[in-house]
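# Observations on chain architecture
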Amino acid sequence: MNILSNKEGTLDWLREKKLITLERSCPVCDDDMRLTETRDRYDGLKWTCKKRKGVDRHSKECSIRKDSWFENSNLSLPETVKFTYWWCMGISQKLIIQQLQLSDHTSVDWAMFCREVCLESLNNQQNQLGGPGKFVEIDECKIGKRKYNRGHIVEGQWVFGGIERDSRRSFLFAVEDRSEKTLLRLILQRIAPETTIISDCWKSYSNLSKHGYQHETVNHSVEFKNANGYHTNTIEGHWRHLKASLPQYSRKKEHYESYLAEFLYRYQHTDEEMFLSFIDDVAKMYNKTL
Ligand SMILES: [Zn+2]
């Protein structure tokens with residue numbers, strides 16, 4: 001993290017990673033603006049254009065954060081990078097808040113921005129899992145159903161997932177129900193024809209072989225593996241990890257998608273390369289406007 005030892009180092013790195021634009025043209029005269037040092041701003045630099053002569057004389061300035069991922073951040077640039085790096089490494093929010101001396105509110109906001117990057121990145125992955133000779137385990141799982149004292153039950157959220165064997169390719173969707181109509185639509189969309197799909201005996205899966213898939217079922221009430229040796233251990237392990245990774249408090253329904261996206265994103269990336277992949281995805285999201 002040498003890049004954070006001084007402001008110039010941080011800025012050079014952010015520009016190299018295309019998180020902050022390298023050039024900006026003046027909204028008045030369209031000439032290139034200049035990066036100018038400033039004492040009155042947190043970032044130490046701003047874009048300026050000053051034309052002192054003639055009828056079109058003007059003076060314009062603009063934050064180096066404009067149109068970037070940092071535009072809505074209350075944190076300094078090094079703090080933002082540190083937060084993001086630690087978040088990617090899976091450091092707890094509590095520790096990050098302590099280290100950076102943030103308010104809970106700021107931390108919750110920035111973590112949400114991070115999850116949105118995961119969500120956007122996964123939404124752009126429209127490729128299908130499986131194909132001839134490949135195996136995909138599918139399953140559905142209810143998450144967050146809890147019984148509190150006095151028998152009060154909080155309804156959970158159904159999640160449908162698929163995971164390709166021998167790769168880290170996978171999908172997860174928060175679904176309203178687990179009817180055939182709901183699940184089949186997602187299966188057809190995200191699993192390639194001729195894939196061998198392995199599932200439990202839930203009735204919504206009973207017509208998969210009519211839709212161009214090989215289908216193997218495991219009846220969990222009597223067996224761990226079916227007669228041909230197929231099992232769904234991979235996706236069941238996935239559910240255990242997912243349940244452990246979700247925050248235990250105030251899990252709002254509309255946030256589920258982003259928590260699922262965070263979980264999948266972490267699953268698809270190793271700790272070592274997660275931060276740089278994440279930074280690349282941020283750059284891709286914002287370079288549309290940079
Ligand atoms: Zn100008």
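Up top is the structure these notes are about.
So, here is what we can say about the structure in this document. (Residues numbered from 1 in each chain as written. Predicted model: local features only at pLDDT ≥ 70, side-chain atom pairs only at ≥ 80, totals over all residues.)

## A few points about the sheet that holds strand 9 (residues 196–199)
In space, the 5 strands of this open sheet follow the order 8-7-4-9-10, with mixed pairing throughout. In this open sheet, the two strands that pair with only one neighbour each are strand 8 (170–175) and strand 10 (214–217). Neighbour to neighbour, the strand axes of the sheet diverge by 20° on average, direction disregarded. For strand 9 and strand 10, the ladder comprises 4 bridges, and the chain directions are parallel. Bridge pairing in strand 10 places T196 opposite Q214. Of the strands in this sheet, strand 4 (135–143) and strand 7 (157–164) are in contact with helix 6 (residues 233–245), which crosses strand 4 at around 35°. Across the face of the sheet, helix 7 (residues 256–268) comes into contact with strand 7 and strand 8 while running at roughly 170° to strand 8. (Pairing = 2+ DSSP bridges. Helix = DSSP H or I, 4+ residues; strand = E, 2+ residues; numbered from the N terminus. Axes fitted to C-alpha atoms, helices over the stretch in contact; angles between N-to-C directions. Contact = placed C-beta atoms within 7 Å.)

## Examining the environment of D280
Relative to the helices and strands, D280 is located in helix 8 (residues 271–286). By the C-beta count within 10 Å, which is 15 here, D280 ends up partly exposed. C-alpha separation for the pair D280 and D200, spaced 80 residues apart in sequence, amounts to 38 Å. (Buried ≥ 20, exposed ≤ 12 C-beta atoms within 10 Å, placed from the backbone.)

## Regarding the nonpolar core
A general tendency of soluble globular proteins is for nonpolar side chains to be buried together. Judged by nonpolar contacts, the single largest core of 50 residues is most densely connected at I197, L260 and L264. With 7 residues, helix 7 is the single largest residue contributor to this core. When near neighbours in sequence (up to four residues on either side) are disregarded, L264 contacts L122, S170 and L172. (Core = buried A, V, L, I, M, F, W, Y, C linked by C-beta atoms within 7 Å.)

## Describing the packing of helix 3 (residues 93–100) against helix 4 (residues 104–123)
Packing of helix 3 against helix 4 brings their axes to within 10 Å, and their N-to-C directions diverge by 125°. Judged by the inter-axis angle, helix 3 sits oblique to helix 4. You can see that helix 3 and helix 4 cross each other, and the crossing is right-handed. Here Q93, I96 and I97 of helix 3 come into contact with helix 4, specifically with D104, S107 and A111. Along the lines of polarity and charge, the residues of the contact of helix 3 with helix 4 split into 3 nonpolar, 2 polar and 1 charged. (Parallel < 35°, antiparallel > 145°, perpendicular 65-115°, else oblique. Left-handed = near helix turned anticlockwise from the far one by under 90°. Nonpolar A, V, L, I, M, F, W, Y, C, P; charged D, E, K, R; others polar.)

## Describing the pairing of strand 2 (residues 45–51)
Note that strand 1 (residues 34–37) and strand 2 share 4 bridges and pair antiparallel. Paired with E37 across the strands is L45, a residue of strand 2. Pairing geometry for strand 2 and strand 3 (residues 58–63), over 6 bridges, is antiparallel. Note on strand 3: the bridge partner recorded for K50 is S59. What sits between the antiparallel neighbours strand 2 and strand 3 is a turn of 6 residues, in which G54 has the positive phi angle 85°.

## Structural notes on unusual backbone geometry
Glycine aside, residues mostly have negative phi, and peptide bonds are mostly found in the trans state. Even without being glycine, D30 reaches a positive phi, approximately 70°. Inspection of the secondary structure assignment puts D30 in the loop between helix 1 (7–16) and strand 1. We classify D30 as exposed; it has 9 C-beta atoms within 10 Å. A positive phi is found at D166, a non-glycine position, where the angle reads about 60°. Structurally, D166 can be placed in the loop between strand 7 and strand 8.

## Observations concerning the sheet that holds strand 2
With respect to topology, 3 strands assemble into an open sheet ordered 1-2-3, the strand pairing being antiparallel. The sheet is open, and its two borders are formed by strand 1 and strand 3, each paired with just one other strand. On average, adjacent strands in this sheet sit at an angle of 40° to one another, irrespective of strand direction.

## A look at the environment of S92
Among the secondary structure elements, S92 is positioned in the loop between helix 2 (77–88) and helix 3. Note on S92: 10 C-beta atoms within 10 Å, which makes it exposed. Between the C-alpha atoms of S92 and L129, which are 37 residues apart in sequence, the distance is 32 Å.

## Digging into helix 7
For an α-helix, the turn length of 3.6 residues means that residues three or four places apart are oriented alike. Between the first and last C-alpha of helix 7 there are 18 Å, a value that for 13 residues agrees with the 18 Å anticipated at 1.5 Å per step. In the core, the buried residues of helix 7 are packed alongside helix 4, strand 7, strand 8 and helix 6. (Expected span 1.5 Å × (residues − 1).)

## So, the pairing of strand 8
Direction of pairing for strand 7 relative to strand 8: antiparallel, over a ladder of 6 bridges. By the bridge assignment, W158 is partnered in strand 8 with V175. Where strand 7 folds back on strand 8, the antiparallel hairpin that results is connected by 5 residues, among which D166 adopts a positive phi of roughly 60°.

## Observations regarding helix 5 (residues 180–190)
The complete set of buried residues in helix 5 reads L183, I187 and R190. One side of helix 5 holds all its buried residues, which, seen down the axis, span an arc of 85°. Turned more than 90 degrees from where helix 5 packs its buried face, K181 and Q189 sit exposed. Looking at the buried side of helix 5, the elements it contacts are strand 4, strand 7 and strand 8. (Arc of directions from axis to C-beta.)

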